[in-house]
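An overview of the molecular structure
Letter by letter, the chains look like this.
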Amino acid sequence: MTSTPDEPATALPGRPPVVDLATWQAARDELLVREKAHTREGDAIAAARRRLPMVEFDGRVEVVGPDGPVPFLDLFEGRDELVVYKHMWYDGAPHQGQCEGCTTTAWHMKDAVYLNARGVSFAIVTTGRWDEVASYVEFMGYTQPWYSVRGLDEPVGGDMGYITCFLRDGDRVFLTYSTTGRGNEPVNGSLGLLDMTPYGRREGWEDNPEGWPKAPEAGAPVGGHGAPICWYWRTDADGKATWGPTGRPVPQWTRPGATPVETLGRQGQHH
């Protein structure tokens, strides 16, 4: 028999009721109906997405990568489809001052081997100067193809913070789809998993049970995330959410030899 301690001193205020497994399964099955409807609607939206009109543009426009200027066509690497993440950029900012949302998006897509197996290439572009971009990519330990699109217009350049999809037909190139904001979330698998956990993302906008833990204040341990909520993606060596000189994007601490001293080599300010 499984015990369910519910001492007043330890019980979480406002938590959902504690029930037996059969009662839980019935509630879970009821929610599953809504989840399946959500999935089917997502399938219908994806079908409509595949039928969007396309925009043709000059694929010979040059972007700058580790080998210097190359035509945008090269990003396809000979494949017919291409997904590009447009990484926001703050000129002159230290590595740890670059966009925390883009940082996590890029980290969750460290390689594209599964996309490649389906004939899809992946690249990251940004408006930063290539010398700054190259240094940042090395600092983060990224392995994806990166390019600077500084000064270029849409759809290759323009506003950053987007996932954009392209199709190639020989030397002809077409824009097929673009999304931003929460539309970027499919790349970040951690958010989807957090949505399945009891406490969710612990962001201020979420609808949670009364009395459920709230987003902690800035400086809280990363285990409790931090506020503003984006801070929990950037910590010091002790896991404290911070923008300070020893702060860096959380996954960057996993690099062998990463130390707080490394972040002091560049000067600048987050804009």
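Residues numbered from 1 in each chain as written. Predicted model: local features only at pLDDT ≥ 70, side-chain atom pairs only at ≥ 80, totals over all residues. Heavy atoms only, no water.

1. Re the overall build of the protein
The number of helices and strands found in the protein is five helices and ten strands. A buried classification covers 37% of the 271 residues belonging to the protein. Excluding contacts between residues fewer than 6 apart, the proportion of contacts in the protein whose partners are at least 24 apart in sequence is 56%. A total of about 15700 Å² of accessible surface is found on the protein, and carbon and sulfur atoms cover 56% of it. (Helix = DSSP H or I, 4+ residues; strand = E, 2+ residues; numbered from the N terminus. Buried < 20%, exposed > 50% of the residue type's maximum accessible area, 1.4 Å probe, protein only. Contact = heavy atoms within 4.5 Å. Areas by Shrake-Rupley, 256 points an atom, 1.4 Å probe, with all protein chains shown as cover.)

2. Description of the nonpolar core
Counting residues in each nonpolar core, the largest one holds 23 residues, and the members touching the most others are Phe122, Tyr142 and Trp146. Among the elements of the structure, strand E4 (81–87), helix H2 (100–108), strand E5 (120–126), helix H4 (130–140) and strand E7 (162–169) are those that each provide at least two residues to this core. Once residues lying within four places of it in the same chain are set aside, the contact partners of Trp146 are Val64, Gly65, Pro66, His87, Ala106, Ile124, Thr126, Trp130, Val133, Tyr136 and Val137. Counting residues in each nonpolar core, the second largest holds 17 residues, with Val63, Leu73, Leu75 and Leu82 among its members. (Core = buried A, V, L, I, M, F, W, Y, C linked by side-chain atoms within 4.5 Å.)

3. Observations concerning helix H1 (residues 21–49)
With 29 residues, H1 should cover 42 Å at 1.5 Å per step; its first-to-last C-alpha distance of 40 Å lies within 8% of that length. Taking the backbone nitrogen of Ala22 as reference, a side-chain oxygen 3.1 Å away marks Asp20 as the first, capping residue of H1. (Expected span 1.5 Å × (residues − 1). Polar contact = N/O pair within 3.5 Å; in protein donor to acceptor, adjacent residues only side chain to side chain.)

4. Overview of the side chain of Asn184
Tracing the backbone shows Asn184 in the loop between strand E8 (172–180) and helix H5 (189–194). Asn184 sits in the buried class, given a relative accessible area of 8%. Once residues lying within four places of it in the same chain are set aside, the contact partners of Asn184 are Tyr85, Gly161, Tyr162, Ile163 and Thr179.

5. Remarks on the confidence of the model for the protein
Looking at the protein as a whole, its pLDDT mean stands at 85, while 84% of the residues score no less than 70. Scored below 50 in pLDDT, residues 222–226 makes 14 contacts in the model with residues more than four places away or belonging to other chains. Predicted confidence is poor over residues 262–271, with pLDDT under 50, and the contacts of this stretch with residues over four places away or in other chains come to 28 contacts. (pLDDT = per-residue confidence, 0-100.)

6. Considering the pairing of strand E2 (residues 62–65)
By the alternation rule, side chains of E2 split into Val63 and Gly65, which are all buried, and Glu62 and Val64, of which none is buried. The sheet contact formed by E2 and strand E3 (residues 68–71) spans four bridges and is antiparallel. Paired with Val63 across the bridge in E3 is Val70. Two successive antiparallel strands, E2 and E3, enclose a turn made up of two residues. (Pairing = 2+ DSSP bridges.)

7. Topic: H2
Counting buried positions along H2 yields seven of nine residues, so the element is predominantly enclosed. Along H2, the residues that are buried comprise Glu100, Cys102, Thr103, Thr104, Thr105, Ala106 and Trp107. Close packing links the buried residues of H2 with E4, E5, H4, strand E6 (146–148), strand E9 (234–235) and strand E10 (248–249).

8. Concerning the environment of Gly161
Position of Gly161 relative to the elements: it lies in the loop between E6 and E7. For the pair formed by Gly161 and Thr105, sequence separation is 56 residues and the distance between their alpha carbons is 9.7 Å.

9. Here's the deal with the side chain of Asp236
Note on placement: Asp236 falls in the loop between E9 and E10. Engagement of the side chain of Asp236 in a polar contact is seen with the backbone nitrogen of Asp238, the distance being 2.9 Å. Those residues within four positions of Asp236 in sequence are excluded, and the remaining contacts are Thr242, Thr246, Gly247 and Trp253.

10. Some details on the packing of aromatic side chains
All told, the structure shown has ten aromatic pairs when counted by the stated rule. Here Tyr199 and Trp212 contribute two aromatic rings whose centre-to-centre distance is 5.1 Å and whose plane-to-plane angle is 80°, an arrangement assigned as edge-to-face. In this pair, Tyr199 is assigned in the loop between H5 and E9 and Trp212 in the loop between H5 and E9, connecting sequence segments 13 residues apart. Using a relative accessible area of 27% as the deciding quantity, one classes Tyr199 as partly exposed. On the basis of relative accessibility, which here comes to 10%, the residue Trp212 falls in the buried class. (Phe/Tyr/Trp six-rings, centres within 6.5 Å; stacked < 30°, edge-to-face > 60°.)

11. Some thoughts on the pattern of salt bridges
All chains considered together, the criterion is met by twelve salt bridges. The residue Arg172 makes a salt bridge to Glu56 at a minimum N-O spacing of 2.7 Å. Of the two residues, Arg172 is situated in strand E8 and Glu56 in strand E1 (residues 55–57); the sequence distance between them amounts to 116 residues. The partly exposed category is assigned to Arg172, whose relative accessible area is 42%. The residue Asp80 makes a salt bridge to Arg168 at a minimum N-O spacing of 3.3 Å. Of this pair, Asp80 sits in the loop between E3 and E4 while Arg168 sits in strand E7, and the two are 88 residues apart along the sequence. (Salt bridge = Lys/Arg side-chain N within 4 Å of Asp/Glu carboxyl O.)

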